[in-house]
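# Commentary on secondary and tertiary structure
Here's the letter readout for the chains.
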Amino acid sequence: MYQVPLYWGNPNPYYIRADFVPIWNTSLPEALQMIKEAVQDERNDELFYDELIKLAPSQEQAAIIESIRNDERAHNQMFREMYRALAGQEIAGISSEQYERVQSYIEGLQRALMGELGAVEKYRRIWFGLPAGIYKDTVFGIILDELKHAAKYNYLITLNLR
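Given the structure is predicted, the values throughout are model-derived calculations rather than measurements.

Let us look at the pattern of salt bridges. Within this structure, the stated rule accounts for 8 salt bridges. Residues E42 and R80 are paired through a salt bridge, measuring 2.9 Å at the closest nitrogen-oxygen approach. Of this pair, E42 sits in helix α2 (residues 42–55) while R80 is found in helix α3 (residues 59–87), placing the two residues 38 residues apart along the sequence. On the accessibility criterion, R80 (25% relative accessible area) is partly exposed. Measuring nitrogen to oxygen at the nearest pair gives 3.1 Å for the salt bridge that ties D71 to K148.

Given below as structure tokens:
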């Protein structure tokens, strides 16, 4: 017969743990603002990926970056749809941040790797602010993609350090 596990070893089944708040805890309004910012930065991301694709030394490497860019486009579309569903409005406007050109292919790969890892951190905060269900599940899938992208950028960096 299955028994309910004890919570943190406490024999009292009615034990209520003290409030615990993770350091990346986020409210829904904060999560929506972060989604909006992520989507508004997409123009610079497009310019960056297009430039990196042109700098790639082989078709294989260009194809890897193109697959990452295409995933990012899909992520942006999903974020737009989530924002529309949760906030009841469209995301308008673009970032006023100036695009910074890539100095070299390897520098671009390194910047892309750090961007993917930064996205994981930002999306984790978004995840904590969303209601349980499809939106949270979708952001979890996006986080997994970002980790996959980071692994691909590590692979490309390794290829080009020889």
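After that view of the structure, there is still more to cover.
The subject of this paragraph is the packing of aromatic side chains. All told, the structure shown has 4 aromatic pairs when counted by the stated rule. Ring centres of F48 and Y49 lie 5.6 Å apart, and the angle between their planes is 50°; this geometry places the pair in the tilted category. Comparing F48 with Y49 shows no difference in burial state: the two are buried. Ring centres 5.0 Å apart and planes at 80° place the aromatic pair W127 and F128 in the edge-to-face group. Cation over ring: R124 sits above W24, and NZ or CZ is 4.0 Å from the ring centre. The ring of W127 carries the charged tip of K136 above its face, separated from the ring centre by 4.2 Å.

Let us look at the environment of P29. Relative to the helices and strands, P29 resides in helix α1 (residues 28–40). For the pair P29 and A87, spaced 58 residues apart in sequence, the C-alpha separation works out to 8.8 Å.

Before going further, it helps to examine helix α4 (residues 105–129). The end-to-end C-alpha separation of α4 is 36 Å, in line with the 36 Å expected for 25 residues at 1.5 Å each. Along α4, the residues that are buried comprise Y105, G108, L109, A112, L113, E116, A119, V120, Y123, I126 and G129.

Our next topic: α3. With 29 residues, α3 extends 41 Å between its outermost C-alpha atoms, agreeing within 8% with the 42 Å of an ideal straight helix rising 1.5 Å per residue. Along α3, the positions that sit buried rather than exposed are Q61, A62, I64, I65, I68, R69, E72, H75, N76, F79, M82 and Y83. Elements in contact with the buried residues of α3: α1, α2, α4 and α5 (134–159). One or two residues past the end of α3 sits G88, with phi positive at roughly 75°.

Formed by 19 residues in total, the largest nonpolar core has its most connected members in F48, L52, I65, Y105, L109, Y153 and L156. Looking at this core, the elements with two or more residues in it are α2, α3, α4 and α5. Other than its neighbours up to four places away in sequence, F48 contacts Y99, V102, G108, R111 and A112. Counting 18 residues, the second-largest nonpolar core is a separate cluster that includes I35, A38, V120 and I126.

Calculation rules
Here the residue index of a chain counts from 1 through its sequence in written order. The predicted nature of this model means local features are confined to residues of pLDDT at least 70 and side-chain atom pairs, given and counted, to a pLDDT of 80 or more, with totals for whole chains, interfaces and linings taken over all residues. Heavy atoms throughout the structure, all of them, feed into the side-chain values; hydrogens and water do not. Salt bridges are defined by distance alone: a side-chain nitrogen of Lys or Arg within 4 Å of a carboxyl oxygen of Asp or Glu. Secondary structure elements are defined from DSSP: runs of H or I of at least 4 residues count as helices, runs of E of at least 2 residues count as strands, and each element is numbered from the N terminus. For the exposure calls, accessible area comes from a 1.4 Å probe over protein chains only, and a residue counts as buried if that area is under 20% of its type's maximum, exposed if over 50%, partly exposed in between. Note on aromatic contacts: the rings of Phe and Tyr and the six-membered ring of Trp form a pair at centre separations within 6.5 Å, being stacked when their planes are under 30 degrees apart, edge-to-face when over 60 apart, and tilted otherwise. Two thresholds decide whether a charge sits over a ring: the Lys NZ or Arg CZ must be within 6 Å of the ring centre and within 35 degrees of the ring normal. Expected span, for any helix, means 1.5 Å times one less than how many residues it has. Any two residues having at least one pair of non-hydrogen atoms within 4.5 Å are treated as being in contact. Take the buried Ala, Val, Leu, Ile, Met, Phe, Trp, Tyr and Cys residues and link them wherever side-chain atoms come within 4.5 Å; each set so joined is a nonpolar core.

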